[in-house]
Amino acid sequence: MNRRAMVAGNWKMNGARDFNTSLVHDILFDARGFTDIDIVICPPAPYLDSVGRQLEGSSLQLGAQNLCEQEKQGAFTGEIDGSMLRDVGCAYSIVGHSERRALYGETDVRVMEKFRTGQVHGLTPILCIGETLDERESGQTEAVLARQLGAVLDACGIAAFKQAVIAYEPVWAIGTGRTATPDQAQQTHAFIRAQLAAADAKIAGSTRILYGGSVKADNAEALFKCPDVDGGLIGGAALKAGEFVAICAAAQARNK
Ligand code: 13P
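Cut-off values and rules
Residues numbered from 1 in each chain as written. Predicted model: local features only at pLDDT ≥ 70, side-chain atom pairs only at ≥ 80, totals over all residues. Heavy atoms only, no water. Pairing = 2+ DSSP bridges. Helix = DSSP H or I, 4+ residues; strand = E, 2+ residues; numbered from the N terminus. Axes fitted to C-alpha atoms, helices over the stretch in contact; angles between N-to-C directions. Contact = heavy atoms within 4.5 Å. Buried < 20%, exposed > 50% of the residue type's maximum accessible area, 1.4 Å probe, protein only. Arc of directions from axis to C-beta. Core = buried A, V, L, I, M, F, W, Y, C linked by side-chain atoms within 4.5 Å.

Caption draft 1: Spatial organisation of the sheet that holds strand S6 (residues 165–168). Overall, parallel pairing links the 8 strands, which are arranged S1-S2-S3-S4-S5-S6-S7-S8 in a closed barrel. Averaged over all pairs of adjacent strands, the angle between their axes in this sheet comes to 25 degrees, without regard to strand direction. Bridging between S6 and strand S7 (residues 208–212) involves 4 bridges; their strand directions are parallel. In the strand pairing of S7, Val-165 is matched with Arg-208. Sitting on the sheet, helix H11 (residues 241–255) is in contact with strand S1 (6–10), strand S2 (38–42) and strand S8 (231–234), with an inclination near 160 degrees to S1.

Caption draft 2: Just helix H10 (residues 217–224), in detail. Turning to H10, its buried residues number three or more, namely Asn-219, Ala-220, Leu-223 and Phe-224. With its buried residues spanning 130 degrees around the axis, H10 presents them on a single face. On its buried face, H10 sits against S1, helix H8 (182–197), S7, S8 and H11.

Caption draft 3: Spatial organisation of the nonpolar core. Grouped together as the largest cluster of nonpolar side chains are 64 residues, with contacts concentrated most on Phe-161 and Phe-224. Here the element with the most residues in this core is H11; it accounts for 7 residues. Apart from the residues within four sequence positions on either side, Phe-224 is in contact with Val-7, Val-215, Val-229, Gly-231, Gly-232, Ile-247, Ala-250, Ala-251 and Arg-254. Met-6, Cys-42, Ile-94 and Leu-233 belong to the second-largest nonpolar core, a separate cluster that totals 13 residues.

By themselves, these figures tell us nothing about what the structure is for.
As structure tokens, this is what we get:
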């Protein structure tokens, strides 16, 4: 396995200046030895600039949680475009998080547009896909994932995945404390990779697929040991330095 592990912290709508400064300070200090993995911090948009400055000179990278699908700046009140994200130092942007799909009506097409626009601006998209509990229980998991992934694959092409990360986030595992078992995660990640491999086996083999949904210090190691799980997209546990760094340590151990 030659895929470099990644741990990304999605802070969601949490943070304040003092809180951020001390959280990032602690993460930087405790994670300084983790040179074999990519660590990405995704704070809320108002704090990207200041967190980005704090990360300067470290190996940690900055990511946004969302971006506007429009390629050019202009009259789109409230939106943030990819060039602004690059300007403040973002290397990544999450796209298609299930909270954005469910609460803000982002369709598969809109998510695809954000993915494409992010790449136009030099951002690496972290494309989130995942099924709801109803969908899993009614046997639709694979159909849902194939549809969400297919919307991007069909429009952007498999080559776009050379510069992208996928995050499998089962909706029923997000913020619920109910995580997918390593077997469930492995099975689903293998399915996602097979979807990519049908288009290009080499690109499929090098695309990182993260798991997200109630990843904590005590379950990260078992999840990251799965051959097709290349790290994690972390919500709640990314807001606690000790937890987040322990998850990074599990990813670092996987790379050895
Ligand atoms: P939790 O880790 O809080 O379950 O959130 C996962 C997630 O949605 C990360 O994007």
